[in-house]
Amino acid sequence: MKNLTPQTIKMLVLKFAGTFGSSMLSFAIGLYILHRTGSALSMGVTMITGPIVSLILTPFVGYVVDTMNHRRIMITAQVTTSIALVLFGFGFRLWPAQYYPEMIALIIALQVTDNFLSTTLTASLVQLFAPNELQRVNSLNQSIASLAMFLAPLMGAMLYTLVSIDTFAFIEVLFELTALVAIFLLKFQPFAAQTPAEAAEAQESVWQNFKTGFAYLKNQQLIFILTVSSAFLNFLFAAVNVGLPYLLIQTMKMTNNQYGFVDSGFAIGMFGGGILLSMLKMRSHPIKFSFFNIILLAILFTFTGLPAVLRWTGLLSTGYFWIQNIVNGVLIVLINTPINTFMQQVIPHHLQGRVFSLDGTISQMLAPLGTLMFGVLFDHLAAPLLFGVTGIVLIIFTLIVTGLIKHHRLYDKPENQLPAVAASAN
């Protein structure tokens, strides 16, 4: 990676430290609960706690991010996270028998701070980087996060055999403090002076402030379509999250080592996709680029069950699914990153906290429903058929959405035009 500015390096350190530490701790907590309780329900409760907390927090996160100083929010979130980890570590040592409620409390605390931190960071990128740097920074952020998520289970599995869960928490504090130092070193460019309308919004109640953000999202047709499309894509992608392990282990009878190798392909693809996108110059509207890659992802979906139909085994099927996971990872980056960059550039800065918080919540709302539905379907229907139908549904949905966008000429509307590229101030 050539020509990385000091500002970009600080951002990547922040992203890697935060993602690697939290992913490693999440891996350890999940493993610990599964070993101690042997209960899928107990594990399931920890998995749904985060989304429920996110849903409850949505109005408050947007209000805080849009009305308060971004650097202070991020510093407060990091300090609070570190305190929560230290309290958990000592609490676990004093009352080890109460490990389950202690872990649920920690998960809630970390979800709260992560919501504030991640939304603030996304809304702050226009303060931290010039418009012509945003795509590259978002792409590199995706790559570094993918690398961290790839390495975290490997390191977590090794450490799990060597240290106790409370020690994991103390190790995580070191990563959070590293991220905190990076936040202190970032250079935030001040926003322009508030307009009277923006100043009035800052005085609104939390609920009124939330309604203003929701009204903006509803009235901006292209951004609203993107949010709904993201939710539907997450719903359908549950077919991969649920169906691919089922297909590989139950139908294809892969070994644990083969499955682990195949699973690593996704992180490798996302890492490579981020590097690739950081070097690309966008020649068309970024949303057109994203929807083109959704079509490619949908086509790939339809061929997921091919090895099962052709009865491939061993090395051939393992290699096929590994390559497919790599391509899946690349395409996910090529879909999500241009959309995120576009939204950062066109949404007014005083609304970004609310809009990104809403977008994230709406986008994830259908994922649990998709997981439940596809879990039932894969128990009763052939996996190749389900993957084929899912791919066809996604192709039809994408063609309908792109047709609507073209019919209403949404790309040509002034609010959907990218701002003129400015020279970097950092």
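- The chain is annotated in an unreviewed UniProt entry as MFS transporter from Lacticaseibacillus jixianensis.
- If you open the UniProt record of the chain and go to Subcellular location (unreviewed entry), you find "Cell membrane".

**Overview of empty space enclosed by the protein**
Here is step 1 of the chain: In this structure the tally under the stated criterion is two cavities of 30 Å³ or more.
Here is step 2 of the chain: By volume, the second largest cavity is sized at about 40 Å³.
Here is step 3 of the chain: Counting residues per element, the ones that place at least two in the lining of the second largest cavity are α9 (221-251), α11 (286-302) and α15 (383-407).
Here is step 4 of the chain: A breakdown of the residues in the lining of the second largest cavity according to their chemical character gives five nonpolar, two polar and no charged.

**Remarks on the packing of aromatic side chains**
Here is step 1 of the chain: A complete count under the given rule lists 13 aromatic pairs for this structure.
Here is step 2 of the chain: On the numbers, 5.4 Å between centres and 10° between planes, the contact of phenylalanine 16 with phenylalanine 20 is stacked. One end of the pair is phenylalanine 16 and the other is phenylalanine 20, both in helix α1 (residues 6-37) and four residues apart, which spans about a single turn.
Here is step 3 of the chain: Summarising the aromatic geometry, the rings of phenylalanine 237 and phenylalanine 301 are spaced 5.8 Å apart at their centres and angled 35° between planes, so their arrangement reads as tilted. Taken together, the positions of phenylalanine 237 in helix α9 and phenylalanine 301 in helix α11 put the pair 64 residues apart, joining distant regions of the chain. Each member of the pair, phenylalanine 237 as well as phenylalanine 301, is classed as buried.
Here is step 4 of the chain: Through a chain of ring-to-ring contacts, three or more aromatic side chains come together here, namely Phe232, Phe235, Phe374, Phe378, Phe387 and Phe397.

Cut-offs and rules
Residues numbered from 1 in each chain as written. Predicted model: local features only at pLDDT ≥ 70, side-chain atom pairs only at ≥ 80, totals over all residues. Heavy atoms only, no water. UniProt positions renumbered as here; feature names shortened; annotations may be inferred. 1 Å grid on protein atoms, 1.4 Å probe; cavity = no way out; pocket = protein on both sides within 12 Å on 5 of 7 lines; lining within 4 Å. Points joined across faces, edges and corners; volume = space filled by probe spheres on them. Helix = DSSP H or I, 4+ residues; strand = E, 2+ residues; numbered from the N terminus. Nonpolar A, V, L, I, M, F, W, Y, C, P; charged D, E, K, R; others polar. Phe/Tyr/Trp six-rings, centres within 6.5 Å; stacked < 30°, edge-to-face > 60°. Buried < 20%, exposed > 50% of the residue type's maximum accessible area, 1.4 Å probe, protein only.

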